[in-house]
Amino acid sequence: MKKLFALLLTLTMALSVCAFASAEEPVTITFWHTYGDAETPVIDEVIIPMFEAANPDIKVEAIRQSGDFNQMLVTALGTGVVPDVARVDITKTSAYAKLGGIVAMDEIEGFDALKEAVLEGPLSTNLWNGHYYGLPLNTNCKAAVVNLNVLKELGFDAAPATMEEFVAACKEKAPGQYKLNVSGLGDWDLYPYFWLFGGKVTDEGFTKASGYLDSAESVEAINTMLQLHTDGVFTIRDVDGTPDAWDGINSEYAMFFEGPWAPFNDENGIVPALIPTWNGKSASVVGGENIVIFSGSEKQEAAFRFVQFMLSEDVQLELLKVGVIPTLKACVDSEAVQADPKWSVYMKQLESAQSRIPTPQASTVEQLWQDAMTEIFIEGADVQSTLTSYAAEIDAELAK
């Protein structure tokens, strides 16, 4: 009996030591990213230490990658040697989901609270096949870049609130002089105008273009742009051979839409502004990166805790200091955002920004859009029949 008692005591002590060692040894998760030279020190020296201090049972190995990050991730998925969590481009998220490489994050407890906290446009870039496969980590969009001096010639003391009044002023005071510029016919360039004038590309779930791209509202949106082009208000550089937006905004253009990387210059009157509304609504297009968890990770619980931390307001505003735009609704009216004349505009604009179609066939869908616009704006094709034809082609891609 004494021997049995001694053996049990020894086993109990051994198990206690193992449990203690296990509790003392934190798990390590890997975080792959492509943050730039300004952002990486903030991640390594501020954000990660903050997380580890709040979560002593988890260590984060943040690895900055270079080169073709998408190809690197595809290769990693093929070998099974994947990170636990990564920051990925919004246009690639659905492709990794289709490959089975990342988890449907909406199936993780705690996702719904994060879903409600982030802006809808950036969030939608994670939607594919009925599930959200990530969350928006950082974002950007287009806002209006205006020349206040040219606007003054049109009778405005500030950026116009509505596109209707802007168009009327252009027709009256600068007929045929092209005051509104867009660079090309691609989705990043033309979608904001298409949406602004009432067009739709697909349904809300990004599953079908027929009935949306070729709807009466979409046809009207294209015809509005065509008419503004005919009236000399709206110019497309790649169609008309007109000056690039960056060149023209310093002299002849009153406005174009661009991201927060625009070289604003208060002295020359080049400032950001909200995109004027049309029929009471503004519109823009979303860019940025999402945060995803890999299916091959054996530490998904720890990885999700890191995701939650990265989407906290403190972290998001810390990264804003180096130009990384937050995705949280709460940040729109935060003091740090409102105190900055650029971020206050872009964060507000994000409330009406939309996603390009999040699909593994994104490049093909983009090309189909551009082909349709080329036929309409350059070759003079019938708007309704062209949109109907290309909507069917996009449907086929979305069904793959």
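The shown structure was predicted, so the numbers you read here are calculated from the model rather than taken from an experiment.

> Teacher, can you tell me more about the overall build of the chain here?
Within the chain, the secondary structure is distributed over 18 helices and 13 strands. Dimensions of the chain, computed from the C-alpha atoms along their principal axes, are close to 105 × 50 × 35 Å. A total of 400 residues make up the chain; the buried ones form 51% of that total. Taken as a whole, the chain presents about 18,000 Å² of accessible surface, with 51% of it coming from carbon and sulfur. Averaging the positions of the 25 positive and the 57 negative side-chain charges in the chain gives two centres separated by 5 Å.

> Can you help me understand the packing of aromatic side chains in this one?
Any two aromatic rings considered together are summarised by their centre-to-centre distance and by the angle between their planes. The full count for this structure, using the stated rule, is 14 aromatic pairs. An angle of 80° between the planes, with centres 5.4 Å apart, marks the rings of Tyr193 and Phe234 as edge-to-face. Residue Tyr193 is located in helix 9 (residues 187-196), and its partner Phe234 is located in strand 9 (residues 234-236); the two are separated by 41 residues in the primary sequence. There is no split in this pair, since Tyr193 and Phe234 are both buried. Judged by centre distance (6.5 Å) and plane angle (55°), the ring pair of Phe264 and Tyr346 falls under tilted. Remark: Tyr346 occurs in helix 16 (residues 343-349) and Phe264 occurs in the loop between strand 10 (255-258) and strand 11 (270-273); sequence separation between them is 82 residues.

> Even after reading the chapter, I still don't get the pairing of strand 2 (residues 58-64), so can you show me in this structure?
Each regular strand displays side chains that alternate between the two surfaces of the sheet. When strand 1 (residues 27-33) meets strand 2, the two strands line up parallel, connected through 7 bridges. Along strand 2, the bridge assignment pairs Thr30 with Glu61. Remark: the strand 1/helix 2 (residues 40-54)/strand 2 crossover connection has right-handed handedness.

> How should the pattern of salt bridges be read in this particular structure?
According to the stated counting rule, one finds 12 salt bridges in the structure shown. Close ionic contact of Glu52 with Lys59 constitutes a salt bridge, the shortest N to O distance being 4.0 Å. Overall, the relative accessible area of 37% leaves Lys59 in the partly exposed class. The partner of Asp395 in a salt bridge is Lys208, and the shortest N-O contact between them spans 3.9 Å. Here Asp395 is found in helix 18 (residues 383-398), whereas its partner Lys208 is found in the loop between helix 9 and helix 10 (216-230), with 187 residues between them in sequence. Connected via shared salt-bridge partners are Arg237, Asp238 and Asp244.

> Even after reading the chapter, I still don't get a negative patch on the surface, so can you show me in this structure?
Where like charges cluster on the molecular surface, the negative patch consists of Asp112, Glu116, Glu120 and Glu204. One can find Asp112 in helix 5 (residues 111-117). Overall, Asp112 belongs to the exposed group, its relative accessible area being 55%.

> Would you mind going over unusual backbone geometry with me for this structure?
The bulk of non-glycine residues show a negative phi, and the bulk of peptide bonds are trans. Residues other than glycine seldom take positive phi values, yet Tyr178 does so here, at roughly 50°. Along the chain, Tyr178 turns up in the loop between helix 8 (163-173) and strand 8 (180-182). Classification of Tyr178 by relative accessible area gives partly exposed; the value is 21%. Even without a glycine there, the phi angle at Phe206 is positive, about 60°.

> How should the sheet that holds strand 8 be read in this particular structure?
Strand pairs in the sheet, formed through backbone hydrogen bonds, run parallel or antiparallel to each other. The mixed open sheet is built from 5 strands, whose spatial order is 9-8-10-7-11. Bordering the open sheet on either side are strand 9 and strand 11, each of which pairs with just one other strand. Taken pair by pair, the neighbouring strands of this sheet meet at an average axis angle of 30°, ignoring direction. Bridge count for strand 8 against strand 9 is 3 bridges, and the pairing is parallel. From the neighbouring strand, Asn181 faces strand 9, where its bridge partner is Thr235.

> Would you mind showing me how to read the nonpolar core here?
Nonpolar side chains tend to gather and get buried jointly when the protein is soluble and globular. Phe166, Leu190, Tyr193, Phe306, Val307, Met310 and Met373 are the most contacted members of the largest nonpolar core, which totals 117 residues. Beyond its immediate chain neighbours, meaning those up to four positions away, Val307 contacts Val85, Met105, Leu114, Leu135, Ile291 and Ile293. Leu73, Ala76, Ala86 and Val88 belong to the second largest nonpolar core, which has 15 residues in total.

> Would you take a moment to explain helix 9 for this structure?
Residue pairs spaced three or four apart in an α-helix point in one direction, given the helix's 3.6 residues per turn. When you tally the buried positions in helix 9, you get 10 out of 10 residues, the bulk of the element. One or two positions beyond helix 9, positive phi appears at Gly198, with a value near 105°.

Cut-off values and rules
- Residues numbered from 1 in each chain as written.
- Predicted model: local features only at pLDDT ≥ 70, side-chain atom pairs only at ≥ 80, totals over all residues.
- Heavy atoms only, no water.
- Helix = DSSP H or I, 4+ residues; strand = E, 2+ residues; numbered from the N terminus.
- Buried < 20%, exposed > 50% of the residue type's maximum accessible area, 1.4 Å probe, protein only.
- Areas by Shrake-Rupley, 256 points an atom, 1.4 Å probe, with all protein chains shown as cover.
- Lys, Arg positive; Asp, Glu negative; His and termini not counted.
- Charge placed at Lys NZ, Arg CZ, Asp CG, Glu CD.
- Phe/Tyr/Trp six-rings, centres within 6.5 Å; stacked < 30°, edge-to-face > 60°.
- Pairing = 2+ DSSP bridges.
- Right-handed = clockwise from strand over helix to strand, strands pointing away.
- Salt bridge = Lys/Arg side-chain N within 4 Å of Asp/Glu carboxyl O.
- Patch = residues over 30% accessible without salt bridge, like charges linked within 9 Å, V, L, I, M, F, W, Y side chains within 5 Å.
- Axes fitted to C-alpha atoms, helices over the stretch in contact; angles between N-to-C directions.
- Core = buried A, V, L, I, M, F, W, Y, C linked by side-chain atoms within 4.5 Å.
- Contact = heavy atoms within 4.5 Å.

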